[in-house]
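Each chain, written out:
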Amino acid sequence: MSKELNEDTTLQLSIKTLAGIAVLIFTLVGMWFTLQADITEAKELPLPADPEITRMEYDMKDQLIRQTIMSTQDDVKEIKTQMIRMEEKIDNLR
């Protein structure tokens, strides 16, 4: 026995359920309009200014890179000397 849905079918909903559905609809509509307003506001905002790199910033960055390279070079030299010492120890063990 299957029931058919037609004009005479009744649907029983409580007041609490109807209020919940209404609150959900109002919340979604409110969020939609808020989002649209935020999008419109974002379109009207000015574009950010191009960042200008000053000579001082450029020089500081260049100096930092050069110091990093020199530090790495010193580390490589130290590692080479350690490897040489390790090779000598291995040769002495043979």
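Reference entry: report on the structure contained in this document. These numbers were taken from a predicted model, which means no experiment stands behind them. Chains are numbered independently. Their residues run from 1 in the order of the written sequence. Local features are withheld for residues below a pLDDT of 70 in this predicted model, meaning they are given only at 70 or higher, and side-chain atom pairs are given and counted only at 80 or more; totals for whole chains, interfaces and linings count all residues. Just so you know, side-chain values use all the structure's heavy atoms and leave hydrogens and water out.

### Regarding the overall build of the protein
Reasoning step 1: Per the secondary structure count, the protein includes two helices and zero strands.
Reasoning step 2: The quantity called the radius of gyration is restricted to C-alpha atoms. Its globule counterpart is 2.2 Å times the number of residues to the power 0.38. Computed over C-alpha atoms, the radius of gyration of the protein comes to 37 Å, more than 25% over the 12 Å expected from 2.2 N^0.38 for 94 residues, which places it beyond the range of a compact globule.
Reasoning step 3: Over its C-alpha atoms, taken along the principal directions, the protein stretches across nearly 100 × 55 × 20 Å.
Reasoning step 4: Burial here depends on accessible area, computed with a 1.4 Å probe over protein chains only, as a share of the maximum for the residue type. Under 20% is buried, over 50% is exposed, and the range in between is partly exposed. The buried share among the 94 residues of the protein stands at 0%.
Reasoning step 5: Surface exposure of the protein reaches about 10000 Å², of which carbon and sulfur atoms provide 63%.
Reasoning step 6: Here the protein contributes 11 positive and 17 negative side-chain charges, whose respective centroids are spaced 11 Å apart. What counts as a helix is a DSSP run of H or I of at least four residues, what counts as a strand is a run of E of at least two, and both are numbered from the N terminus. Note on areas: Shrake-Rupley with a 1.4 Å probe; residue coverage comes only from the protein chains shown. In this tally, Asp and Glu contribute negative charge and Lys and Arg positive charge; neither His nor the terminal groups of the chain are included. By convention, the charge on Lys lies at NZ, on Arg at CZ, on Asp at CG and on Glu at CD.

### Remarks on a nonpolar patch on the surface
Reasoning step 1: A grouping of Leu-11, Leu-13, Ile-15, Leu-18, Ile-21, Ile-25, Val-29, Trp-32, Phe-33, Leu-35 and Ile-39 is seen on the molecular surface, where their side chains present a nonpolar patch of about 1100 Å² in accessible area.
Reasoning step 2: Of note, Trp-32 is situated in helix α1 (residues 15-44). Candidate patch residues must exceed 30% relative accessible area and have no salt bridge, after which like charges are joined if within 9 Å and Val, Leu, Ile, Met, Phe, Trp or Tyr side chains if within 5 Å. Salt bridges are counted wherever a side-chain nitrogen of Lys or Arg sits within 4 Å of a carboxyl oxygen of Asp or Glu.

### Some thoughts on the pattern of salt bridges
Oppositely charged side chains are able to pair whenever their charged atoms sit close together.
Reasoning step 1: Under the criterion given, the structure shown has two salt bridges.
Reasoning step 2: When the shortest N-O distance is used, the salt bridge between Asp-59 and Arg-55 registers 3.5 Å. With Asp-59 and Arg-55 both in helix α2 (residues 55-93) and four residues apart, this pair spans about one turn of that helix.
Reasoning step 3: We note a salt bridge from Arg-66 to Asp-62, for which the minimum N-O separation is 2.9 Å. On the criterion of helical spacing, the pair formed by Arg-66 and Asp-62 is a turn pair, its members being four residues apart in helix α2.

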